[in-house]
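# Working through the structure, step by step
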Amino acid sequence: MNSDDSPRPDDGFLNGKLLIASPGIGDPRFDRSVILMCDHSAEHAMGIVLNKRVEGLRLPEVFEQLGVEITEDTVDRPVLLGGPVERQRGFVLHTNDFQTSDSTLPVTGDIALSSTKDALDAMASSTPPRRSLLALGYAGWGSGQLEDELAANAWLVADADEALVFSSDIEGKWQNALSILGISPEHLSGASGTA
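Residues numbered from 1 in each chain as written. Predicted model: local features only at pLDDT ≥ 70, side-chain atom pairs only at ≥ 80, totals over all residues. Heavy atoms only, no water.

With that out of the way, let us pick up the overall build of the chain. Helices and strands together make up the secondary structure of the chain, namely 5 helices and 10 strands. Taken over the C-alpha trace, the chain has a radius of gyration of 17 Å; the compact-globule value for 195 residues is 16 Å, and the two agree within 12%. By its C-alpha atoms, the chain is 55 × 35 × 30 Å across when sized along the principal axes. Scored against the burial criterion, the 195 residues of the chain give a buried share of 43%. Expressed as a percentage of contacts within the chain between residues at least 6 apart in sequence, the contacts between residues at least 24 apart total 66%. Per element, the accessible surface of the chain, about 10100 Å² overall, is 46% carbon and sulfur. (Helix = DSSP H or I, 4+ residues; strand = E, 2+ residues; numbered from the N terminus. Rg over C-alpha atoms; globule rule 2.2 N^0.38 Å. Buried < 20%, exposed > 50% of the residue type's maximum accessible area, 1.4 Å probe, protein only. Contact = heavy atoms within 4.5 Å. Areas by Shrake-Rupley, 256 points an atom, 1.4 Å probe, with all protein chains shown as cover.)

Okay, structure coming up:
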């Protein structure tokens with residue numbers, strides 16, 4: 001490796017990176033998706049889709065269904081569809097000012113993932129994490145699947161940006177994620193593949 005070659009973070013694993021769907025991804029479940037990669041290893045990959053809503057479901061409804069006490073400070077936000085796997089399971093992405101000792105996974109230096117009721121209680125409290133969102137389900141890949149999709153140019157990779165991850169402009173996240181890379185959507189080809 002030459003000294004001017006860019007090292008691959010975490011030996012090529014994409015923990016804490018954004019996956020941005022290419023126009024020709026070929027999977028309608030991920031059309032125009034932006035995914036925060038939370039866990040990526042040789043065996044598997046797992047991320048949360050940041051720009052798809054669960055239609056007609058908002059945080060206070062989820063809190064009520066799960067018996068989470070709501071305060072007057074509780075923010076009314078949409079719930080995200082984090083991906084097609086385990087849609088009945090909730091995942092909280094939050095800033096690292098909230099942690100549980102054994103069930104919080106660091107994602108980036110500023111963002112972590114928790115999937116316990118404690119995280120929901122914190123979101124609903126008068127002292128919530130600085131930023132947070134709730135997603136139902138996740139995007140998952142088995143060994144080599146994500147690498148194959150990356151080789152086929154199905155995804156663009158960008159550094160995670162806290163402002164984008166937690167932005168309330170859910171519909172604008174795909175275009176805003178592309179702009180992190182300096183790409184305009186109209187300059188992307190609908191065809192994917194390798195040359």
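What follows deals with the packing of aromatic side chains. For the coordinates displayed, the defined rule picks out 4 aromatic pairs. A ring pair is formed by Phe30 and Trp141, whose centres lie 6.5 Å apart and whose planes are at 20°; its orientation type is stacked. Pair noted here: Phe30 is in the loop between strand E1 (17-21) and strand E2 (34-40) and Trp141 is in strand E9 (residues 132-142), with a separation of 111 residues, a long-range link. In terms of burial, Phe30 and Trp141 fall into one category: buried. (Phe/Tyr/Trp six-rings, centres within 6.5 Å; stacked < 30°, edge-to-face > 60°.)

Summed over all chains, the structure comprises 8 salt bridges. Note that Asp27 is salt-bridged to Arg29, the shortest N-O span being 2.8 Å. Among the ionic pairs, Lys117 bridges to Asp121, the shortest N-O distance being 3.3 Å. Linking Lys117 with Asp121, this pair stays in helix H2 (residues 117-124), spanning 4 residues, or about one helical turn. Residue Lys117 is classed as partly exposed on the basis of its relative accessible area, which comes to 40%. A cluster of three or more residues bridged by salt bridges with shared partners is formed by Arg130, Arg131 and Glu162. (Salt bridge = Lys/Arg side-chain N within 4 Å of Asp/Glu carboxyl O.)

Here we come to the confidence of the model for the chain. Scored by pLDDT, the chain has a mean of 88; 91% of the residues are at 70 or more. Scored below 50 in pLDDT, residues 1-10 shows 4 contacts in the model against residues more than four places distant or in partner chains. Low pLDDT (under 50) marks residues 191-195, which in the prediction has 8 contacts with non-local residues, meaning those over four places away or in another chain. (pLDDT = per-residue confidence, 0-100.)

Ranked by internal contacts, the top residues of the largest apolar core, which has 39 residues, are Ile35, Ile48, Leu93, Trp141 and Trp155. Leave out the neighbours within four places in its chain, and Ile35 touches Lys17, Leu18, Leu19, Phe30, Gly47, Ile48, Val49, Ala139, Trp141 and Trp155. Counting residues in each nonpolar core, the second largest holds 15 residues, with Leu59, Val68, Phe98 and Leu136 among its members. (Core = buried A, V, L, I, M, F, W, Y, C linked by side-chain atoms within 4.5 Å.)

To continue, consider H2. Residues of H2 that are buried: Ala119, Leu120, Ala122, Met123 and Ala124. Where H2 is buried, its residues touch helix H1 (59-65), strand E6 (85-95), strand E8 (111-114) and E9.

As a further point, take unusual backbone geometry. Positive phi, normally seen in glycine, also occurs at Arg32, with a value near 55°. Mapped onto the fold, Arg32 is located in the loop between E1 and E2. One non-glycine residue with positive phi stands out, namely Asn153, at about 60°. Following the sequence through the fold, Asn153 ends up in the loop between helix H3 (145-151) and strand E10 (155-159).

Okay, helix H5 (residues 173-180) next. All of the buried residues in H5 are Lys173, Trp174, Ala177 and Leu178. The arc enclosing the buried residues of H5, seen along the axis, measures out at 140°, which places them on a common side. Its buried side turned inward, H5 meets E1, E2, E10 and helix H4 (162-165). (Arc of directions from axis to C-beta.)

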